[in-house]
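Reading the structure
Here are the chains, one letter per residue:
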Amino acid sequence: MAKAIYPGTFDPVTYGHIDIIKRAREIFDSIVVTVAINTGKTPLFTTQERVEMLKDCLKEFQNVSVDSFDGLVVDHAKNVGAVSIIRGLRAVSDFEYEFQMALMNRKLAGEISTVFLMPHEKYTYLNSSIVRSLAGFNSDISDFVPPNVRNALERKFKK
Ligand code: COA
């Protein structure tokens, strides 16, 4: 049973992330989507909120679970028995950061491989910051995030 983890900040999850998860499901027997608690970012949503949003979006996918982790991604991968770390590559601009991270993770845990997947072209320009920014301006984000995430963003910005 080949298990992979898909780590990220997911603040919030977008259709671009879900596209990567769908592709990963075709390759691995099971996927753990894992929310990083400490990335040096200041998330809009709490860890619990990000986990709950992901669970709601992914509830129909039998072989996908959601959790969170604090610490090194390779340690979490080992803890859950994953053999691979999934990362999305949207554009060339992602490459340098991802390459560095993949090589460092390989140095830390040579038995865990990073697998890069490309989302559909329509998501290459998408990231969570843009979605948060658009939602803050009350703009239509329905092409970018599922309805539960759109509602959560609306609630956040009403406060
Ligand atoms: N669709 C849409 N957006 C995407 C995307 C996709 N397919 N893939 C990535 N993104 C966006 C994210 O929304 C995020 O946007 P934002 O910066 O505007 O919020 C951005 O790309 C970065 O995404 P993410 O994949 O969440 O990476 P990250 O840099 O925030 O965190 C971790 C990545 C969690 C893997 C990394 O911080 C980590 O490993 N932390 C643990 C510490 C560790 O192990 N360090 C050693 C590794 S060298």
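Calculation criteria
Residues numbered from 1 in each chain as written. Predicted model: local features only at pLDDT ≥ 70, side-chain atom pairs only at ≥ 80, totals over all residues. Heavy atoms only, no water. Phe/Tyr/Trp six-rings, centres within 6.5 Å; stacked < 30°, edge-to-face > 60°. Helix = DSSP H or I, 4+ residues; strand = E, 2+ residues; numbered from the N terminus. Buried < 20%, exposed > 50% of the residue type's maximum accessible area, 1.4 Å probe, protein only. Core = buried A, V, L, I, M, F, W, Y, C linked by side-chain atoms within 4.5 Å. Contact = heavy atoms within 4.5 Å.

So, on to the packing of aromatic side chains. Taken as a whole and assessed by the stated rule, the structure comprises three aromatic pairs. Taking 5.1 Å as the distance between ring centres and 20 degrees as the angle between the ring planes, the aromatic pair formed by Phe 95 and Phe 99 counts as stacked. Placement of the pair is Phe 95 and Phe 99 together in helix α4 (residues 92-108), with a separation of four residues, close to one helical turn. When its relative accessible area of 42% is taken as the criterion, Phe 95 is described as partly exposed. An angle of 85 degrees between the planes, with centres 6.4 Å apart, marks the rings of Tyr 125 and Phe 144 as edge-to-face. Pair noted here: Tyr 125 is in the loop between β5 (113-117) and α5 (128-136) and Phe 144 is in the loop between α5 and α6 (147-158), with a separation of 19 residues, a long-range link.

Where a protein is soluble and globular, its nonpolar side chains tend to be buried together. In this structure, Tyr 6, Ile 31, Val 33, Leu 54, Leu 58 and Ile 86 are the most contacted members of the largest nonpolar core, which totals 33 residues. At the level of elements, β1 (3-8), α1 (15-27), β2 (30-36), α2 (47-58), β3 (64-69), α5 and α6 are the ones that each hand at least two residues to this core. Element by element, the count of residues in this core is highest for α2, at five residues. Excluding residues that lie within four positions of it along the chain, Leu 58 makes contacts with Ile 18, Ile 21, Val 33, Val 64 and Val 66.

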